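Chain by chain, the residues run as shown.
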Amino acid sequence: MPMDTTRRGFLALAAGTTMAAPGILRAQTLRPVTCLTDWLHQGPNCGFAVAKEKGFYAEAGLDVALSQGKGSGGTAQIVANKASMFGFADGFVVGNSVSKGMRLTMVGAVFRRTPTAVIVLDESSIQQPKDLIGKSIGIPTGSAQFQQWPAFVNGAGLQLSQIKVINVDAAGAVPALISGKVDAIAGFAQGWVPSIEIRGNKKARTFWYADHGVNAVSNGIIVHQDTLSDKPLVAAFVRATLKGFLYGRQNLDETAQIIKKYQEASDPAITKREAELSWRTWVTPTTKDKPLGWIAPEDWRATVETLKAYGGVTTDLDPSQLYTNEFVPTEPEFVPPQNA
């Protein structure tokens, strides 16, 4: 086929496009973007994989390379080092990281109530937090729940020295609990309770961090502050990702199959249960009728207060340093269902 020598053809080539046929332009080259999740691809963080598989990123002009994280702490560090352009991490970790000099900002919150909890088997003698005295608990040391552990202990009226903390890998936490290697585990309830219920065929009992003084914004999309200057990029990524989360909620069976593609060992029944539990964190009294991604200033103030009371933060940390709602879409379709 001869080259299109018309003015339109020349402009198309100058813009970095190619001609599929006379008068028909192929899409421009997508912009490469990197993103690191908080953990393995699962039901709760499904929005990223869904956005990629359903073409939401491509529609936004982005070619997103997704990588799996090993805890919010690690993800925050990697984004702060600019080794990943976007990340998914816990707000408590972001606040702690910023207090230490990392230049991070959350640009869209998904888990607006912390889903962290101490989890024990229902058959356990541990009926309340004080029963953890003298017991062992497995916590991944790179995770948000590990950073928040002192806050939970203090809020429950306990001492750190009264409970033995054992570092466990995320994948090994539930087996360690079921096999009796540890008496309890601490993590996102939405990530581990389904595995206990479905794979382990056990009932679980949870002690929510939020019920013991841990008032903190949980997971959201984070960037290095330098990235904020590229407003079209951040806006496009946030919109496409939130669209992925909302689509995932409306199409749960399809979402479970998408996660199966990214995490072959995943169980679709567990993935769906994980997602269902995560929805309980999407809407809080302060974010009622607000689009997914939007966070109330008072929630960030509470996060900073918790960090200063329990997280060892002594610097002058201003909540406004930690987040922006500038890139959150405002259309009605981005407002999630108001119940779980």
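Data block above holds the structure.
Fair warning: this is a prediction, and the values are worked out from it, not measured in the lab.

Novice: I'd like a rundown of the pairing of strand E5 (residues 86-90), residues and numbers included.
Specialist: The buried count for E5 comes to five of five residues, which makes it a mostly enclosed element. Both faces of E5 are covered, namely the face carrying Phe-86, Phe-88 and Asp-90 and the face carrying Gly-87 and Ala-89. Two strands pair when backbone bridges link them, and strand E3 (residues 31-36) and E5 are joined in this way by two bridges, in the parallel orientation. Bridge pairing links Cys-35 to Phe-86 in E5.

Novice: Before we move on, can you summarise helix H10 (residues 252-262) with the specific residues and values?
Specialist: Of the positions making up H10, those classed as buried are Leu-252, Thr-255, Ala-256, Ile-258 and Ile-259. Buried residues of H10, seen end-on, are gathered within an arc of 160° and therefore sit on one face of the element. Of the residues in H10, the exposed ones pointing more than 90 degrees away from the buried face are Asp-253 and Lys-261. The inward-facing, buried residues of H10 abut helix H2 (46-53), helix H9 (231-250) and helix H11 (268-278).

Novice: Outline the sheet that holds strand E11 (residues 204-208), listing residues and values.
Specialist: Pairing is mixed across the open sheet formed by five strands, whose spatial order is E9-E8-E10-E7-E11. Strands with a single pairing partner mark the edges of an open sheet, and in this sheet they are strand E9 (164-166) and E11. With strand direction ignored, the average angle separating the axes of adjacent strands in the sheet is 30°. Sheet topology places strand E8 (residues 136-138) next to strand E10 (residues 184-188); two bridges connect them, and they run parallel. In the strand pairing of E10, Gly-138 is matched with Ile-185. Seen against the sheet, helix H8 (residues 189-199) touches strand E7 (116-121), E10 and E11 and runs at an angle of roughly 130° to E10.

Novice: Report on the pattern of salt bridges, specifying residues and quantitative values.
Specialist: Using the criterion set out here, one finds 16 salt bridges in the structure. Measuring nitrogen to oxygen at the nearest pair gives 3.4 Å for the salt bridge that ties Glu-197 to Arg-273. Of this pair, Glu-197 sits in helix H8 while Arg-273 sits in helix H11, and the two are 76 residues apart along the sequence. Here Glu-197 falls in the partly exposed class, since its relative accessible area comes to 31%. Classification of Arg-273 by relative accessible area gives partly exposed; the value is 25%.

Novice: Can you lay out the nonpolar core for me, pointing to particular residues and giving the numbers?
Specialist: Of all hydrophobic cores here, the largest spans 38 residues; its most connected members are Phe-48 and Phe-237. Looking at this core, the elements that each hand over two or more residues are E3, H2, helix H3 (56-59), strand E4 (62-67), E5, strand E12 (219-224), H9 and H10. When residues in this core are grouped by element, the largest group, nine residues, is from H9. Among the nonpolar cores identified, the runner-up in size contains 24 residues, and Val-93, Val-217, Leu-317 and Leu-322 belong to it.

Novice: Break down the pairing of E3 for me, with residues and values.
Specialist: The pairing of E3 with E4 spans six bridges and is parallel. Bridging from a neighbouring strand, Arg-31 pairs with Leu-62 of E4.

Novice: Any details on the state of the cysteines? Residues and values, ideally.
Specialist: According to the stated counting rule, one finds zero disulfides in the structure shown. Unpaired in this structure, Cys-35 has its nearest cysteine sulfur neighbour in Cys-46, at a distance of 13 Å. Residue classification places Cys-35 among the buried residues on the basis of a relative accessible area of 1%. Using a relative accessible area of 5% as the deciding quantity, one classes Cys-46 as buried.

Novice: Outline the sheet that holds E12, listing residues and values.
Specialist: With respect to topology, five strands assemble into an open sheet ordered E4-E3-E5-E12-E6, the strand pairing being mixed. Two strands lie at the open edges of the sheet, namely E4 and strand E6 (104-109), each paired on one side alone. Looking at each pair of strands side by side, their axes are set apart by 30° on average, direction ignored. With five bridges connecting them, E5 and E12 associate as antiparallel partners. Among the inter-strand pairings, Phe-86 is bridged to a residue of E12, identified as Val-223. Lying over the sheet, H2 contacts E3, E4, E5 and E12, oriented at roughly 140° with respect to E4. Sitting on the sheet, helix H4 (residues 72-80) touches E3, E5, E6 and E12, and the angle it makes with E5 is about 145°.

Novice: With reference to specific residues and values, describe the environment of Tyr-57.
Specialist: If you trace the backbone, Tyr-57 turns up in helix H3. The class of Tyr-57 is buried, set by a relative accessible area of 2%. Here the alpha-carbon distance between Tyr-57 and Thr-241, two residues 184 residues apart in the chain, equals 7.6 Å. With near-sequence residues (within four places) excluded, Tyr-57 lies in contact with Phe-48, Ala-51, Lys-52, Leu-62, Val-64, Phe-237, Ala-240 and Thr-241. A distance of 2.8 Å separates a polar atom in the side chain of Tyr-57 from a polar atom in the side chain of Thr-241.

Novice: An account of the packing of H2 against H10 is needed here, citing residue identities and associated values.
Specialist: Two numbers describe a pair of packed helices, the interaxial angle and the distance between the axes. At a minimum axis distance of 9 Å, the contact between H2 and H10 shows a crossing angle of 90°. Taken as axis vectors, H2 and H10 run roughly perpendicular relative to one another. Together, Cys-46, Ala-49, Val-50, Lys-52 and Glu-53 of H2 and Thr-255, Ile-258, Ile-259, Lys-261 and Tyr-262 of H10 make up the contact between the two elements. Broken down by class, the residue content of the contact of H2 with H10 amounts to six nonpolar, one polar and three charged.

Rules and cut-offs
- Residues numbered from 1 in each chain as written.
- Predicted model: local features only at pLDDT ≥ 70, side-chain atom pairs only at ≥ 80, totals over all residues.
- Heavy atoms only, no water.
- Buried < 20%, exposed > 50% of the residue type's maximum accessible area, 1.4 Å probe, protein only.
- Helix = DSSP H or I, 4+ residues; strand = E, 2+ residues; numbered from the N terminus.
- Pairing = 2+ DSSP bridges.
- Arc of directions from axis to C-beta.
- Contact = heavy atoms within 4.5 Å.
- Axes fitted to C-alpha atoms, helices over the stretch in contact; angles between N-to-C directions.
- Salt bridge = Lys/Arg side-chain N within 4 Å of Asp/Glu carboxyl O.
- Core = buried A, V, L, I, M, F, W, Y, C linked by side-chain atoms within 4.5 Å.
- Disulfide = S-S within 2.5 Å.
- Polar contact = N/O pair within 3.5 Å; in protein donor to acceptor, adjacent residues only side chain to side chain.
- Parallel < 35°, antiparallel > 145°, perpendicular 65-115°, else oblique.
- Nonpolar A, V, L, I, M, F, W, Y, C, P; charged D, E, K, R; others polar.

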